[in-house]
6 protein chains.
Amino acid sequence: MIKTSCFEDYEIASSRQSFGRSIIEADIVLHAGQTGDFFPRHMDAEWVKTQEFKQRIAHGTLILCVAIGMTANEINPVAFAYGYDRVRFIRPAHIGDTITVTATISDKRDDPKRPDHGFVIEQVEARNQHGKIALACQHLYLLQRREVA
Amino acid sequence: MIKTSCFEDYEIASSRQSFGRSIIEADIVLHAGQTGDFFPRHMDAEWVKTQEFKQRIAHGTLILCVAIGMTANEINPVAFAYGYDRVRFIRPAHIGDTITVTATISDKRDDPKRPDHGFVIEQVEARNQHGKIALACQHLYLLQRREVA
Amino acid sequence: MIKTSCFEDYEIASSRQSFGRSIIEADIVLHAGQTGDFFPRHMDAEWVKTQEFKQRIAHGTLILCVAIGMTANEINPVAFAYGYDRVRFIRPAHIGDTITVTATISDKRDDPKRPDHGFVIEQVEARNQHGKIALACQHLYLLQRREVA
Amino acid sequence: MIKTSCFEDYEIASSRQSFGRSIIEADIVLHAGQTGDFFPRHMDAEWVKTQEFKQRIAHGTLILCVAIGMTANEINPVAFAYGYDRVRFIRPAHIGDTITVTATISDKRDDPKRPDHGFVIEQVEARNQHGKIALACQHLYLLQRREVA
Amino acid sequence: MIKTSCFEDYEIASSRQSFGRSIIEADIVLHAGQTGDFFPRHMDAEWVKTQEFKQRIAHGTLILCVAIGMTANEINPVAFAYGYDRVRFIRPAHIGDTITVTATISDKRDDPKRPDHGFVIEQVEARNQHGKIALACQHLYLLQRREVA
Amino acid sequence: MIKTSCFEDYEIASSRQSFGRSIIEADIVLHAGQTGDFFPRHMDAEWVKTQEFKQRIAHGTLILCVAIGMTANEINPVAFAYGYDRVRFIRPAHIGDTITVTATISDKRDDPKRPDHGFVIEQVEARNQHGKIALACQHLYLLQRREVA
């Protein structure tokens, strides 16, 4: 859905919640194929039995992509993806884990270079089916201010 | 290749360079499919003609995944992916752009919680075929120190 | 988004419009791979030059899947996909065509077997970038009536 | 195989049978990716445990595509795909179900607009490994009559 | 189609011809993803401009897989894939090339270890749209002899 | 990594070993999609229960592609892929099998047509997690001799 929301419209602490998505074996293998990262911790079901987690783990970038994608359900023509801060892989995600994502507006900042814009920071947390955080990051959006929208 | 490199082995300013990889139309459509982000700026070749860049742009997460994957060519059993800082989408990547990645050790830090480990920070820059930076980020690794490796 | 809408909530002639999506060469090749239909009209860029349309055409089922998928942006827990009627491939879709979809409630019917449900029929039309209809069909939903929802 | 069969060559009640194909988890996730339909009934292995069927179900369009694809093993240069009638999702298909398809010529009709063509209707039924019908539809072909082929 | 053909049924010099299939950019990128071979001759549209062929080339294994797949249109329950001999990459295949395959029974041999079986050798040649051979190989089948089938 | 190695640099009996890669169900289904080979021994989990191996088997070409890809980790600008000899499918690979590859220089030969080049033959063996050989082949490279490199 398209919804025009300006810098002033975002309220700190407002929050949204995604549906769940189960990470399947093929997600990992296809992500290896898209990125070229075929490291055995993702691809070798035998070798991982000798390691700490005993099972294959999803690429960090896979969980990041999926988590960010799960929050991409509203098109705001005056918002621009600026980047991410403090992306942290807190707990591995394994095959069969189901991820849900919470996104909460955690901060707003002026943009010293662009007085007619401002930054909105959304804290993104991807949790597994046990409610444990697998990944956290801050998603930075550059937003037009109302007077210029 | 497996190569055990401890915290002490990383030297600030040492650098490595990837090959190139051309971003194709299907990379974007498949990334939409993996993430669920089908926004028209990625998917609608007609609508984008009315927009600033006149053509479809790759998802930021696609360029991040590909850039990180292009640096994943050495397995270090005593290195752990910790996260990313300051991921910035500096310039859009379009269909047909060819990305090369430079990764430079930019910093090393103690880990206050784990005295036998330390952080190594690698500055990752993905450039297009014109030498312009499309994406930059800091890749944080947690490394064992030699005495414990 | 989740939104509970009962049989009574659907109004004949109400309509919704999708974004656009460009059909790429890889969509056709991947659909061939998912279905096993590698017929030369989809796969052979040389042979099609000898045929009426001079270029490869998308599988009818690809356009149907994409069109239906483009309307799947609202989860209604009391609606059930029942089927499609009168699916018609009116005009071929070629590589590079951009599809947009209009979905209009065209009819409502009682369900003789389930008095607490009713059928809502949505007329789905997929148009190309020239505004010409490529595919039309009726999407049948079985909806709970309010008194039972 | 190429085989030219005209309208007159199709006999009502003649039938053909496909091999089997097992629907895997990745078929569903890739179909979500091709269509953009990531609804939790297809993607969330946890949530579906709370629902009637207790497990993820394949998209209706996936089963339709696969079933139609399984019958696409003969190229008839004088046959044209016209559309589908009465597509019905009779029973859900789950991960691991194996689908086989029976296609039976069920009707032939004149085409009032094209006296040198006629419609052949093939009743397509996709059954699971228990012999239960998952999907049924009528596949309409427009066929040249012999005198014009 | 299932067709039981025994060792005795194969005639030297009998031949079959496939349809055409155009090799697309995504075939190469997806094959890189399935195999992990992201070498710049397949993936880097800029670097290849400096090389002999000026454009990206398909992986040899991609053309082999596609060519063998294009001959896999008949299931013979008494034939077993034994291997390939003399696989030769004679000419590179580029994006947009259209491959057709000719398969000719070129030899039959006894199997010294299995007197009730014999080898049938099929010469497979994949040609591009200019009629030039891109790949040739011998496909070895182990066939039951009639008396034992 | 790029490493220029001439004909003279290859030593008979020198060997290298890959990591492991687990073959997943989706590898087989995607390989069916890339090649068009949907034979029931790869795709039908029910029918294979009636057959010798009781479970689906990977396409021979899939294991060949993966095995060759697993050895493609060094770019040698003076080496050219020439072909394969004696590709043999010795044991089927099943879903969940983990493949590792050993590649050993087994022979070197002059090239009568190109006195400034020579052939290096690498014996490739793909073993499953039980150490049993699934596939063996000879990979032929055409190498520049030092005096011309």
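In this report, the structure presented in the accompanying data block is examined.

About the cut-offs
Residues numbered from 1 in each chain as written. Chains lettered and ligands numbered in written order. Predicted model: local features only at pLDDT ≥ 70, side-chain atom pairs only at ≥ 80, totals over all residues. Heavy atoms only, no water. Helix = DSSP H or I, 4+ residues; strand = E, 2+ residues; numbered from the N terminus. Buried < 20%, exposed > 50% of the residue type's maximum accessible area, 1.4 Å probe, protein only. Contact = heavy atoms within 4.5 Å. Lys, Arg positive; Asp, Glu negative; His and termini not counted. Charge placed at Lys NZ, Arg CZ, Asp CG, Glu CD. Pairing = 2+ DSSP bridges. Axes fitted to C-alpha atoms, helices over the stretch in contact; angles between N-to-C directions. Salt bridge = Lys/Arg side-chain N within 4 Å of Asp/Glu carboxyl O. Buried area = accessible area lost by both parts, 1.4 Å probe. Nonpolar A, V, L, I, M, F, W, Y, C, P; charged D, E, K, R; others polar. Polar contact = N/O pair within 3.5 Å; in protein donor to acceptor, adjacent residues only side chain to side chain. Least-squares fit on C-alpha atoms with pLDDT ≥ 70 in both. Parallel < 35°, antiparallel > 145°, perpendicular 65-115°, else oblique.

**A few points about the overall build of chain A**
- Along the backbone of chain A there are 3 helices and 5 strands.
- Helices and strands appear in chain A in the N-to-C order β-α-α-α-β-β-β-β.
- Each principal axis of the C-alpha distribution contributes one length, and for chain A these read about 60 × 30 × 25 Å.
- Across the 149 residues that make up chain A, the buried fraction comes to 56%.
- Considering only contacts in chain A between residues 6 or more positions apart, those separated by 24 or more positions represent 72%.
- When the 18 basic and 19 acidic side-chain charges of chain A are each reduced to a single mean position, those positions are 4 Å apart.

**Regarding unusual backbone geometry**
- Located in the positive-phi region is C:Ala13, a residue other than glycine, with phi close to 85 degrees.
- By secondary structure assignment, the location of C:Ala13 is in the segment before strand S1 (15–22).

**Comments concerning the sheet that holds strand S3 (residues 98–110) of chain F**
- Taken together, 10 strands build an open sheet; the order of strands is S1(E)-S3(E)-S4(E)-S5(E)-S2(E)-S2(F)-S5(F)-S4(F)-S3(F)-S1(F) and the sheet is antiparallel. The sheet is open, and its two edges are formed by strand S1 (15–22) of chain E together with strand S1 (15–22) of chain F, each paired on a single side. Along the sheet, successive strands turn relative to each other by an average axial angle of 20 degrees, direction set aside.
- One ladder, built from 6 bridges, connects S1(E) with strand S3 (residues 98–110) of chain E; its direction is antiparallel.

**Topic: the pattern of salt bridges**
- On inspection of all chains with the given rule, the structure shows 60 salt bridges over all chains.
- In this structure, the salt-bridge partner of D:Asp107 is D:Arg109, at a minimum N-O distance of 3.3 Å.
- Classification of D:Arg109 by relative accessible area gives partly exposed; the value is 34%.
- The partner of F:Asp9 in a salt bridge is F:Arg146, with the nearest N and O atoms 2.1 Å apart. Pair noted here: F:Asp9 is in the segment before S1 and F:Arg146 is in the segment after strand S5 (133–144), with a separation of 137 residues, a long-range link.
- Residue class for F:Arg146 comes out partly exposed when judged on its relative accessible area of 43%.

**Description of the interface of chain B and chain A**
- Contacts between the two partners involve 31 residues from chain B, matched on the other side by 31 residues from chain A.
- Taken together, the two surfaces of chain B and chain A that pack against each other cover about 2600 Å², and 58% of this comes from carbon and sulfur.
- At the boundary of chain B and chain A, one finds 2 salt bridges.
- Residue A:Arg88 pairs with B:Asp85 through a salt bridge whose shortest N-O separation is 3.0 Å.
- Secondary structure elements with two or more residues in the side of chain B that touches chain A: helix H1 (25–35), helix H3 (60–70) and strand S2 (79–89) of chain B.
- With 9 residues, S2(B) is the single largest residue contributor to the side of chain B that touches chain A.
- Among the residues making up the side of chain B that touches chain A, the classes are represented as 17 nonpolar, 7 polar and 7 charged.
- Of the pairings in the sheet, the one linking strand S2 (residues 79–89) of chain A to S2(B) comprises 4 bridges and is antiparallel in character. By the bridge assignment for S2(B), A:Tyr84 is matched with B:Val87.

**Examining the interface of chain F and chain D**
- Taken together, the 11 residues of chain F in the interface contact 10 residues of chain D.
- Around 840 Å² of area is buried between chain F and chain D when both sides are counted, 65% of it from carbon and sulfur atoms.
- Three residues, F:Val29, F:Met43 and F:Glu46, lead the burial of chain F against chain D; their summed loss comes to 41% of the area buried on that side.
- One can count 0 salt bridges joining chain F with chain D.
- Connecting chain F to chain D are 3 residue pairs in polar contact (both at pLDDT 80 or more).

**Digging into the relation of the copies chain B and chain A**
- Superposing chain B onto chain A takes a rotation of 180 degrees plus a shift of 0.0 Å along the axis, which leaves an RMSD of 0.0 Å. Here the transformation between the copies is reduced to the relation of a two-fold axis. Measuring from the rotation axis to each C-alpha of chain B, the shortest distance belongs to B:Asp85, at 2.5 Å.
- Counting the interface residues of chain B, we find that 100% of their copies in chain A are interface residues as well, pointing to one common contact surface.

**Here we look at the environment of F:His31**
- Tracing the chain through its elements places F:His31 in helix H1 (residues 25–35).
- Once you skip the residues sitting within four places of it in the chain, F:His31 turns out to touch E:Gln34, E:Cys65, F:Gly36, F:His59, F:Thr61, F:Leu62 and F:Cys65.

**Let's talk about the packing of helix H3 (residues 60–70) of chain E against H1(F)**
- Between H3(E) and H1(F), the least distance of the axes is 8 Å, while the angle of their chain directions is 75 degrees. One element, H3(E), and the other, H1(F), form an angle in the roughly perpendicular class. For the pair H3(E) and H1(F), the contacting residues are E:Leu62, E:Cys65, E:Val66, E:Gly69 and E:Met70 in the first and F:His31, F:Gln34 and F:Thr35 in the second.
- For the contact of H3(E) with H1(F), the per-class residue count stands at 4 nonpolar, 4 polar and no charged.

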